[in-house]
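Report on the structure
Next come the chains, spelled out residue by residue.
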Amino acid sequence: MKFKVGLVQMVSELGNVKGNIEKMLNYIRLASSKGCNIVIFPELCLTGYYIKDLVYELAESIPGESFNILKEESIKNNIHTVFGMPERLNKFSEMIFNSLVWISPNGQYKVYRKIYLPTYRIFEEQKYFRNGSHPVYIDTEFGSFGLTICFDVFFPELSRYYSIKGCHTIVNISASPNPSKKYFETLLEARAIENTVNIIYVNAAGVQEGINFWGGSCVINARGEILVKAKYYEEDFVLTKVNLEETVSAKKNRPILKHLNKDIFKIIYDYLNENNFY
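Now for a quick tour of the structure. Keep in mind that what you see is a predicted model, and the values were worked out from it rather than measured.

Time to look at helix 7 (residues 244-253). Inspection of helix 7 places L244, T247 and A250 among the buried residues, and these make up the whole buried set. Seen end-on, helix 7 carries its buried residues on one side only, within an arc spanning 105°. Relative to its buried face, helix 7 has exposed residues pointing more than 90 degrees away, namely E245, K252 and N253. Elements in contact with the buried residues of helix 7: strand 1 (2-9), strand 9 (198-203) and strand 14 (236-243). Between a side-chain oxygen at the N-terminus of helix 7 and the backbone nitrogen of E245 the separation is 2.9 Å; the capping residue is N243.

Structure below.
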């Protein structure tokens, strides 16, 4: 089995939801015309990343106005659409999440709320967003995909969970600025190899509030090989086919989970509790 995925390394205009949606609609149509089964956009692409206090004005509930527009286009073009947005729990709530939305061609959807929120140096996510509380994966006609956002990739236990649950591919949508480039390029390959899963990484590009996003969106197979990579620092659209038979073969050749020691997880958990780590 194969699926074809389009990676939209989009430059979002800060705060311009209407303009960003129009660009997304055009890319959905383009991806569909190229025979893609899935089209994926970056983290918070709907609003731009550095919206700061504007988040209180721009966050939307799901379903909501922007969601409904993108859902209609996904159904019309018979394509899975994945994107990032600030999600308000409901129209009356003050709780806002940094969320990934996966819309299927039949209109069904899943929402993953970013668990690990970076709050240091140029990052202020805990100031604006509430942490998600659990992993989310989606079952499709192409198998199961684990969902992550940006900084989540630094925490291997999340990717390991998806691997144990039988996900063949982990999606990471991102708004990673230039200082993080080396870390992400290293960790993305590591997550693929240590779990024998495919990694689909879609990063933002362009400059927001003086911060340069490095792009470099890519698909990495279960052997750690890069199948396709977008340009650095500029908007780009790339696509590739992922052969799931090759994923099965990689797992047979290097059966990582066969050697997993579940007792290690308990040791870590007990240590963190005993030492008041949190």
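That shown, we press on.
Relative orientation of the contacting elements helix 5 (residues 156-164) and helix 6 (residues 181-195) amounts to 40°, with a least axis distance of 10 Å. With respect to their mutual orientation, helix 5 and helix 6 come out oblique. Of the two possible hands of crossing, helix 5 and helix 6 adopt the one that is right-handed. Between helix 5 and helix 6, the residues in contact are P156, S159, R160 and S163 and R191, E194 and N195, respectively. A breakdown of the residues in the contact of helix 5 with helix 6 according to their chemical character gives one nonpolar, three polar and three charged.

Okay, the sheet that holds strand 13 (residues 226-229) next. On the basis of which strands lie adjacent, the open sheet formed by six strands has the order 6-7-8-9-12-13 and mixed pairing. Only two strands of the sheet have a single neighbouring strand rather than two, namely strand 6 (136-140) and strand 13. Sheet twist, expressed as the average angle between the axes of neighbouring strands with direction ignored, equals 15°. Bridge analysis of strand 7 (residues 143-149) against strand 8 (residues 169-174) gives five bridges, and the strand direction is parallel. Within strand 8, the position partnered with L147 by the bridge is V171. Lying over the sheet, helix 6 contacts strand 8, strand 9, strand 12 (218-220) and strand 13, oriented at roughly 155° with respect to strand 9.

With 15 residues, helix 6 ought to run about 21 Å at 1.5 Å a step, and its terminal C-alpha atoms sit 22 Å apart, in line with that. Within the span of helix 6, buried status applies to F184, L187, L188, R191, A192 and N195. On an axial view of helix 6, the arc spanned by its buried residues comes to 135°, and they lie on one face. What points out from helix 6, more than 90 degrees from its buried face, is the exposed set K182 and T186. Considering only its buried residues, helix 6 is in contact with helix 5, strand 8, strand 9, strand 11 (211-214), strand 12 and helix 7. Phi for T196, located one or two positions after helix 6, is positive at around 45°.

So, about the sheet that holds strand 1. The sheet built from six strands is open, its strands ordered 5-4-3-2-1-14 with mixed pairing. Of all strands in the sheet, those with a lone pairing partner are strand 5 (109-113) and strand 14, marking the two edges. The average undirected angle you get between the axes of adjacent strands in this sheet is 25°. Two elements, strand 4 (residues 96-103) and strand 5, share five bridges in a ladder whose sense is antiparallel. Bridging across to strand 5, I103 finds its partner in Y109. Relative to strand 14, helix 7 is tilted by about 60°, and along the sheet it contacts strand 1 and strand 14.

Our next topic: the packing of aromatic side chains. Summed over all chains, the structure comprises 20 aromatic pairs. Between the aromatic rings of F67 and Y109, the centroid separation amounts to 4.8 Å while the plane-to-plane angle is 65°, which identifies the pairing as edge-to-face. Taken together, the residues F67 in helix 3 (residues 65-76) and Y109 in strand 5 connect sequence positions 42 residues apart. Relative to Y233, the ring of Y232 has its centre 6.1 Å away and its plane inclined at 50°; by these criteria the two rings are tilted. In this structure an aromatic cluster arises from ring pairing among Y116, Y120, F123, F151, F154, F155, F184, Y201, W214, Y232 and Y233. Positioned over the ring face of Y137 is K110, at 5.7 Å from the centre of the ring.

So, about a nonpolar patch on the surface. The grouping of I164, L257, L260 and F265 at the surface amounts to a nonpolar patch, some 320 Å² of accessible area in total. Locating F265 in the fold gives a position in helix 8 (residues 263-274).

Another point: the state of the cysteines. Considering all chains together, one arrives at zero disulfides under this definition. Free of any disulfide, C36 has its nearest cysteine sulfur in C218, 16 Å distant. By relative accessible area, C36 is classed as buried at 5%. Looking at the unpaired C45, the closest cysteine sulfur is the one in C150, lying at 13 Å.

Cut-offs used in this document
- Residues numbered from 1 in each chain as written.
- Predicted model: local features only at pLDDT ≥ 70, side-chain atom pairs only at ≥ 80, totals over all residues.
- Heavy atoms only, no water.
- Buried < 20%, exposed > 50% of the residue type's maximum accessible area, 1.4 Å probe, protein only.
- Helix = DSSP H or I, 4+ residues; strand = E, 2+ residues; numbered from the N terminus.
- Arc of directions from axis to C-beta.
- Contact = heavy atoms within 4.5 Å.
- Polar contact = N/O pair within 3.5 Å; in protein donor to acceptor, adjacent residues only side chain to side chain.
- Axes fitted to C-alpha atoms, helices over the stretch in contact; angles between N-to-C directions.
- Parallel < 35°, antiparallel > 145°, perpendicular 65-115°, else oblique.
- Left-handed = near helix turned anticlockwise from the far one by under 90°.
- Nonpolar A, V, L, I, M, F, W, Y, C, P; charged D, E, K, R; others polar.
- Pairing = 2+ DSSP bridges.
- Expected span 1.5 Å × (residues − 1).
- Phe/Tyr/Trp six-rings, centres within 6.5 Å; stacked < 30°, edge-to-face > 60°.
- Lys NZ or Arg CZ within 6 Å of the ring centre and 35° of its normal.
- Patch = residues over 30% accessible without salt bridge, like charges linked within 9 Å, V, L, I, M, F, W, Y side chains within 5 Å.
- Areas by Shrake-Rupley, 256 points an atom, 1.4 Å probe, with all protein chains shown as cover.
- Salt bridge = Lys/Arg side-chain N within 4 Å of Asp/Glu carboxyl O.
- Disulfide = S-S within 2.5 Å.

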